[in-house]
There are 2 protein chains.
Amino acid sequence: MAARIGALEAGGTKMVLAVGTADGTIEEQVSMPTVEPDRVVPEMAKWFAEREVDAIGIGAFGPTIVNPNNPDFGKTCFTPKPGWSYFDFLGTMRAGYNVPMGYDTDVNVACLGEATFGCAKGLDSVCYFTIGTGIGAGVMVGGQLLHGMLHPEAGHILLTKLPNDPGTSTCPKHDRCFEGLAAGPSIKARWGASGSELADRNEVWELEADYIAQACEIYVTCYSPEKIIIGGGVAHQEQIFPLIRKKFLAYLNDYLKTPELEDIDNYIVPNSLNEKQGILGCIELGRRALEA
Amino acid sequence: MAARIGALEAGGTKMVLAVGTADGTIEEQVSMPTVEPDRVVPEMAKWFAEREVDAIGIGAFGPTIVNPNNPDFGKTCFTPKPGWSYFDFLGTMRAGYNVPMGYDTDVNVACLGEATFGCAKGLDSVCYFTIGTGIGAGVMVGGQLLHGMLHPEAGHILLTKLPNDPGTSTCPKHDRCFEGLAAGPSIKARWGASGSELADRNEVWELEADYIAQACEIYVTCYSPEKIIIGGGVAHQEQIFPLIRKKFLAYLNDYLKTPELEDIDNYIVPNSLNEKQGILGCIELGRRALEA
């Protein structure tokens, strides 16, 4: 019988829990609000225990310690969410139900989902980023998810603020980082409405596409990915993709010539998998934990 | 008897050839001018054959194909150097002397040298960049050198040009990339003299340190390295390091808190190994090829 894999996508607002198999089939899925960890984490462990899963893959909101060699592996870092700072997430899950567990960031796991089941299937160097309340990036390099000192925080790369931008950065730390200039709250602060209400306003998407294109230029020269995948609310604004590609190519200005860049429409793409890239990445992470 | 490892640091101006052992001892070293590949490459293969080395590690100037899964692995890409475009460097070496060979970029190999024998010994996530005629970056992620679609070209990340910068980018492709704003030729074009002649001019190093700090902010958020190492001529201007660290911390603005960043004087550092990081990295690359 195929192993039953638990998947836990731990977001700042809600927890998504699922049970599935290594082929990417989801058999059951529920969600719970992200209340204090002392309450919700044991409850989640119990949920998986009742379903007798053989392993669990966890994709957690950051910042958190994802390097298995770090003695604090599986703990969260400082976060404004009540109770969640410096919490032993992985240890508390294991105390409730002790099976092999994989643990990584929500965006690394979404990248893994796309590389295993989605539009990046078969590739081993992939950059995934999501634009929503914030901007987070997950990166696969040579088949491994990127960790390091901490994990990528590539939503906070510094960009050049455009002179015609009527807004200011909404990041409390950086006056011109990608997140501060291009995440959902900055769109709302700049134009007085959310992205979905501004779909027909060209100037909104020209500016947004420029910041995304600057970020893509940096990701391509830094990571040399075989594909760049964009998730989050912006990925639903399909009219923005041709703008992003055009501005990205203008910024790169033929500096690099590769078959992937020649096929730009398949190089910078929206997420696939119908918003299941995260939970499916958790399945794959759990499968890898079981195998290891 | 210890294996004899050949090391070849293939630069745009000269080729450095050495024979050593896996512990980092160099027994013999010579250099040859980088003339057309049809002449110099067979000559180099012969040099290694005469010394009966057991393996060779090659660090080549880019752009070049360094991903072993690519059918063009070991070939160069377009370059203005006569004869060197689309040249089968690795294949020609092998035709002359067939032993196990590793092949990577000059900067990836320098990064490997620092991670094996130098100031990053024992770390597995390291960012090395060199500022000279150009700016190139070598990156180790989880113990592997970063490849991907091609390899990092992180000297060409876009930065924000400072309003008080009296110069213009010297990169023919980008009006505000790191290389165009901060490599040796841009210093010379902006101030009318080379960096070594401008050591006592504060405004030169304030500006240079700012661009380097912007780049470090991007590298830290993208790669999450455990250490950043700066090589090339700029690393000899030791007065610049305190400026770089201060400006980098200001740009990052406490967004990330890690033990490594707390110890900033040991986080952003000049290269070690007395300019032998490249050739010693070739030794390690050769050792790995022999082992594989």
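Residues numbered from 1 in each chain as written. Chains lettered and ligands numbered in written order. Predicted model: local features only at pLDDT ≥ 70, side-chain atom pairs only at ≥ 80, totals over all residues. Heavy atoms only, no water.

A.B. asks: Whenever I open this one, the overall build of chain A confuses me. Can you help?
C.D. replies: Within chain A, the regular secondary structure consists of 9 helices and 10 strands. A compact globule built from 292 residues should have a C-alpha radius of gyration of about 19 Å, and chain A, at 19 Å, falls within 12% of that. If you line up chain A on its principal axes, its C-alpha atoms span 55 × 40 × 35 Å. When burial is assessed residue by residue, chain A has 59% of its 292 residues classed as buried. A fraction of 63% describes how many contacts in chain A between residues 6 or more apart in sequence connect residues 24 or more apart. When the accessible surface of chain A is summed, it comes to about 11200 Å², and 50% of that surface belongs to carbon and sulfur atoms. Here chain A carries 23 positive and 37 negative side-chain charges, and the mean point of each set is 3 Å from the other. (Helix = DSSP H or I, 4+ residues; strand = E, 2+ residues; numbered from the N terminus. Rg over C-alpha atoms; globule rule 2.2 N^0.38 Å. Buried < 20%, exposed > 50% of the residue type's maximum accessible area, 1.4 Å probe, protein only. Contact = heavy atoms within 4.5 Å. Areas by Shrake-Rupley, 256 points an atom, 1.4 Å probe, with all protein chains shown as cover. Lys, Arg positive; Asp, Glu negative; His and termini not counted. Charge placed at Lys NZ, Arg CZ, Asp CG, Glu CD.)

A.B. asks: When you look at the pairing of strand β2 (residues 14-20) of chain B in this model, what are you seeing that I'm missing?
C.D. replies: On a regular strand, one side chain projects to one face of the sheet and the next to the other, so that they alternate. Residues and elements named next belong to chain B. Of all the 7 residues making up β2, 6 are buried; the element is thus mostly covered by neighbouring parts of the structure. Bridge analysis of strand β1 (residues 5-10) against β2 gives 6 bridges, and the strand direction is antiparallel. Its bridge partner lying in β2, Glu9 is registered against Val16. In textbook terms, the turn of a hairpin is the stretch between consecutive antiparallel strands, and for β1 and β2 this stretch comprises 3 residues. (Pairing = 2+ DSSP bridges.)

A.B. asks: I would appreciate a short explanation of the interface of chain A and chain B in the present structure.
C.D. replies: One widely used convention gives an interface's size as the accessible area the parts lose upon coming together. With 45 residues of chain A at the contact, the number on the chain B side is 45 residues. When the two sides are added together, the surface that chain A and chain B hide from each other amounts to roughly 3800 Å², 58% of it contributed by carbon and sulfur. On the chain A side of the interface with chain B, the three residues burying the most area are Met149, Cys222 and Tyr255 of chain A, jointly 20% of the side's total. Summed over the shared surface of chain A and chain B, the result is 27 residue pairs in polar contact (both at pLDDT 80 or more). For the side of chain A that touches chain B, the secondary structure elements donating two or more residues are α6 (202-223), α7 (240-252) and α8 (259-262) of chain A. Tallying contributions element by element places α6 of chain A first for the side of chain A that touches chain B, with 8 residues. Looking at the side of chain A that touches chain B, its residues break down into 22 nonpolar, 15 polar and 8 charged. (Buried area = accessible area lost by both parts, 1.4 Å probe. Polar contact = N/O pair within 3.5 Å; in protein donor to acceptor, adjacent residues only side chain to side chain. Nonpolar A, V, L, I, M, F, W, Y, C, P; charged D, E, K, R; others polar.)

A.B. asks: Even after reading the chapter, I still don't get the sheet that holds strand β6 (residues 126-131) of chain B, so can you show me in this structure?
C.D. replies: Each strand in a sheet pairs with another by means of backbone hydrogen bonds, the pair being arranged parallel or else antiparallel. All names here are of chain B. Pairing in this open sheet of 5 strands is mixed, and the strands run β8-β7-β6-β9-β10 from one edge to the other. Because the sheet does not close on itself, it has two edges, and the strands there are β8 (144-145) and β10 (268-270). Pairing geometry for β6 and strand β7 (residues 135-141), over 6 bridges, is antiparallel. Residue pairing in the sheet places Val126 in a bridge with Met140 of β7. With respect to the sheet, helix α3 (residues 106-117) is in contact with β6, β7, β8 and β9 (227-232), its orientation differing from that of β7 by roughly 50°. (Axes fitted to C-alpha atoms, helices over the stretch in contact; angles between N-to-C directions.)

A.B. asks: Any chance you could explain the nonpolar core here in plain terms?
C.D. replies: Generally speaking, soluble globular proteins have nonpolar side chains that are buried together. Judged by nonpolar contacts, the single largest core of 114 residues is most densely connected at Phe129, Phe178 and Tyr219 of chain A together with Phe129, Phe178 and Tyr219 of chain B. Within the second largest apolar cluster, 28 residues are counted, among which are Val40, Val41, Ile58 and Phe87 of chain A. (Core = buried A, V, L, I, M, F, W, Y, C linked by side-chain atoms within 4.5 Å.)

A.B. asks: How should the pattern of salt bridges be read in this particular structure?
C.D. replies: A pair can form between side chains of opposite charge whenever their charged atoms are brought close. A full pass over the atoms with the stated rule returns 26 salt bridges over all chains. As a salt-bridge pair, Glu206 of chain A and Lys247 of chain A come within 2.8 Å of each other at their nearest N and O atoms. Separated by 41 residues along the polypeptide, Glu206 of chain A in helix α6 and Lys247 of chain A in helix α7 bring together distant segments of the chain. Here Arg51 of chain B ties to Glu28 of chain B by a salt bridge, and the two come within 3.0 Å at their closest N and O atoms. Here the residue Arg51 of chain B occupies a position in the loop between α1 (37-50) and β4 (55-60), and Glu28 of chain B occupies one in strand β3 (residues 26-33), the gap between them amounting to 23 residues. Given the relative accessible area of 29%, Glu28 of chain B is considered partly exposed. (Salt bridge = Lys/Arg side-chain N within 4 Å of Asp/Glu carboxyl O.)

A.B. asks: Looking at this structure, I do not really get the packing of aromatic side chains. What am I missing?
C.D. replies: Each aromatic ring pair is specified by the distance between its two centres and by the angle formed by the two planes. On inspection of all chains with the given rule, the structure shows 21 aromatic pairs over all chains. Taking the centre distance of 5.6 Å and the plane angle of 65° together, the rings of Phe129 of chain A and Phe178 of chain A count as edge-to-face. Remark: Phe178 of chain A occurs in helix α4 (residues 178-182) and Phe129 of chain A occurs in strand β6 (residues 126-131); sequence separation between them is 49 residues. A relative accessible area of 0% means that Phe129 of chain A is categorised as buried. Every member of this aromatic cluster is reached through a ring pair, and the members are Phe129, Phe178, Tyr219 and Tyr223 of chain A together with Phe129, Phe178, Tyr219 and Tyr223 of chain B. (Phe/Tyr/Trp six-rings, centres within 6.5 Å; stacked < 30°, edge-to-face > 60°.)

A.B. asks: So what exactly am I meant to see when it comes to the relation of the copies chain A and chain B here?
C.D. replies: Relating the two copies of this chain is a rotation about some axis coupled with a shift parallel to it. Laying chain A over chain B is done by rotating through 180° and shifting 0.0 Å along the axis; what remains is an RMSD of 0.0 Å. Those values place the two copies in the arrangement expected of a two-fold rotation axis. Minimal C-alpha separation from the rotation axis in chain A is found for Thr160 of chain A, amounting to 2.5 Å. By residue overlap, the copies meet face to face through one surface: 100% of the interface positions of chain A are interface positions in chain B. (Least-squares fit on C-alpha atoms with pLDDT ≥ 70 in both.)

A.B. asks: Honestly, the pairing of β7 of chain B in this entry has me stumped. Any pointers?
C.D. replies: All names here are of chain B. Along β7, 7 of the 7 residues are buried, which leaves the element largely enclosed by surrounding structure. Burial of the side chains of β7 extends over both faces: Ile135, Ala137, Val139 and Val141 are buried on one face and Gly136, Gly138 and Met140 on the other. The antiparallel hairpin formed by β6 and β7 contains 3 residues in its connecting segment. One ladder, built from 2 bridges, connects β7 with β8; its direction is antiparallel. Along β8, the bridge assignment pairs Val141 with Gln144.

A.B. asks: I tried to follow the confidence of the model for chain A on my own but got confused; where do I start?
C.D. replies: In low-pLDDT regions, the fine details of the predicted coordinates are not to be read closely. On average, residues of chain A score 96 in pLDDT, and 100% of them are at 70 or above. In the predicted assembly, ipTM is 0.97 and pTM is 0.97. (pLDDT = per-residue confidence, 0-100.)

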